[in-house]
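Take a look at the letters that make up each chain.
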Amino acid sequence: MKRENMMKGKKIAGFIVILMGMLIVSVMILAVLSAVMLKGHMNSGFISGGVIAAYVVSSLLGGFCIGQIRGKQKFLWGALMGLGYFLVLLLVGNVFYHQGITMNFQTISSGIICVVAGMIGGMIAPADHGDK
């Protein structure tokens, strides 16, 4: 029984480590985007595209990492990773802006982007060779 609890704890810890890595990648992409914005006069389309790119790249990497670790049902684990990433972004946004969570088109489409990108990342992770 203790061994099962330890294994479950390691899985949760791995999920959280990957999630933190995804957030770090997002911050790095957004920092580069901010530097580019400071150097030039960018329109809102460029900024929106950069934010979406941060979502996609982070979710793809997270899905890839969890898919590689889990080995089976990689698309599902990748989708869950993307969903976890989206929920953290939603929570952080709510904490910073104190406006509550509004489910508008932008919020829903961002969630779909994160989940689908995570799923794709999980699917492209190397296949399980039966050693897990």
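Residues numbered from 1 in each chain as written. Predicted model: local features only at pLDDT ≥ 70, side-chain atom pairs only at ≥ 80, totals over all residues. Heavy atoms only, no water.

This next bit is on unusual backbone geometry. The phi dihedral of glutamine 73 falls on the positive side, at around 50°, and the residue is not glycine. Along the chain, glutamine 73 turns up in the loop between α2 (44–70) and α3 (74–97). (Helix = DSSP H or I, 4+ residues; strand = E, 2+ residues; numbered from the N terminus.)

With that settled, consider the packing of aromatic side chains. For the structure on display, the rule yields one aromatic pair. With centroids separated by 6.5 Å and ring planes inclined at 75°, the aromatic side chains of tyrosine 55 and tyrosine 85 adopt a geometry described as edge-to-face. Of this pair, tyrosine 55 sits in helix α2 while tyrosine 85 is found in helix α3, placing the two residues 30 residues apart along the sequence. By the burial criterion, tyrosine 55 is buried, and tyrosine 85 matches it. (Phe/Tyr/Trp six-rings, centres within 6.5 Å; stacked < 30°, edge-to-face > 60°. Buried < 20%, exposed > 50% of the residue type's maximum accessible area, 1.4 Å probe, protein only.)

This part is about the packing of α2 against helix α4 (residues 105–124). In contact at an axis separation of 6 Å, α2 and α4 are set at 40° when each is read in the N-to-C sense. Between α2 and α4 lies a crossing of right-handed hand. Contacts between α2 and α4 pair Ile52, Tyr55, Val56, Ser59, Leu60, Gly63, Phe64 and Gly67 from the former with Ser110, Ile113, Cys114, Ala117, Gly118, Ile120, Gly121, Gly122 and Ile124 from the latter. Within the contact of α2 with α4, the residues separate by chemical class into ten nonpolar, seven polar and no charged. (Axes fitted to C-alpha atoms, helices over the stretch in contact; angles between N-to-C directions. Left-handed = near helix turned anticlockwise from the far one by under 90°. Contact = heavy atoms within 4.5 Å. Nonpolar A, V, L, I, M, F, W, Y, C, P; charged D, E, K, R; others polar.)

With that out of the way, let us pick up the confidence of the model for the chain. With 89% of its residues at a pLDDT of 70 or more, the chain has an overall mean of 86. No element of the chain has a lower mean pLDDT than helix α1 (residues 2–39), at 83, and none a higher one than α4, at 94. (pLDDT = per-residue confidence, 0-100.)

Turning to the side chain of serine 59, a few remarks are in order. Here serine 59 lies in helix α2. Those residues within four positions of serine 59 in sequence are excluded, and the remaining contacts are Met22, Gly82, Tyr85, Cys114, Ala117 and Gly118.

Helix length check: α2 (27 residues) gives 39 Å between terminal C-alpha atoms against 39 Å at 1.5 Å per residue, within 8%. All buried positions along α2 are accounted for by Gly50, Ala54, Tyr55, Ser58, Ser59, Gly62, Gly63, Ile66 and Gly67. Directly after α2, the chain includes glycine 71, whose backbone phi takes a positive value near 80°. (Expected span 1.5 Å × (residues − 1).)

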